[in-house]
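Each chain, written out:
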Amino acid sequence: DHAKGRDLLGVLDEANAIAEMISFKDLQLPFVVGIIGGWGSGKSFTYNLIRERLIEIQKYDLTDENFKKKFPYVGHIFLVKFDVWTYAKGNLWSSLMYRILMDLNDQLDLESTITPEFIERGASVIELMDEFTTSGERKYLEKVVKDERVPEGIRKWNPKGGNITKAL
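Everything numeric here is computed off the predicted structure, so don't read it as measured data. (Residues numbered from 1 in each chain as written. Predicted model: local features only at pLDDT ≥ 70, side-chain atom pairs only at ≥ 80, totals over all residues. Heavy atoms only, no water.)

**With respect to the pattern of salt bridges**
On inspection of all chains with the given rule, the structure shows 5 salt bridges. Of the charged contacts, one joins Lys59 and Glu127 as a salt bridge, the two residues approaching to 2.9 Å between their closest N and O atoms. In this pair, Lys59 sits in the loop between helix 2 (43-58) and helix 3 (65-70) while Glu127 sits in helix 5 (residues 125-131), placing the two residues 68 residues apart along the sequence. When salt bridges that share partners are traced, they join Glu20, Arg53 and Glu56 into one network. (Salt bridge = Lys/Arg side-chain N within 4 Å of Asp/Glu carboxyl O. Helix = DSSP H or I, 4+ residues; strand = E, 2+ residues; numbered from the N terminus.)

**With respect to a nonpolar patch on the surface**
A cluster of nonpolar side chains, contributed by Ile18, Leu29, Phe31, Val33 and Ile35, occupies part of the molecular surface with about 410 Å² of accessible area. Structurally, Ile18 can be placed in helix 1 (residues 12-23). (Patch = residues over 30% accessible without salt bridge, like charges linked within 9 Å, V, L, I, M, F, W, Y side chains within 5 Å. Areas by Shrake-Rupley, 256 points an atom, 1.4 Å probe, with all protein chains shown as cover.)

**Topic: helix 2**
The terminal C-alpha atoms of helix 2, which comprises 16 residues, lie 22 Å apart, in line with the 22 Å expected from a rise of 1.5 Å per residue. For helix 2, a buried count of 13 out of 16 residues is recorded, marking the element as mostly surrounded by other parts of the structure. (Expected span 1.5 Å × (residues − 1). Buried < 20%, exposed > 50% of the residue type's maximum accessible area, 1.4 Å probe, protein only.)

As structure tokens, then:
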């Protein structure tokens, strides 16, 4: 019962297919994807597999206009994780709206800091959200983002390799 690790459930192909489907440029917006199941059925694990594929898609370097035109995916996805168990005793609908609005606000705030050029060069907003979780951390990023070496540092940074601020 682990949310990450080797795919013992055999759902990697399905998770990748879901991630790619929700990333297609031609998909009609807006839409929501929900993962529903009982406790311990693999919801968090499947979510993390989908998330990892979305990060891979976001990391494509889209600075080449010819490649960008042929690229089948949108590079921009707002990912909101709502864990119903966390909010089970409260007002579920207001908790859901709160989580959506807070996550969207945080992602938009981060995106306005890193600029569209970072995103085009392969920075994953989903991945950076894990690193810059507070407004203070985003203010730090806003200061260092002016350095020309930072976009390359973010693009090459490996989250499994440690703290992003050391990479910058």
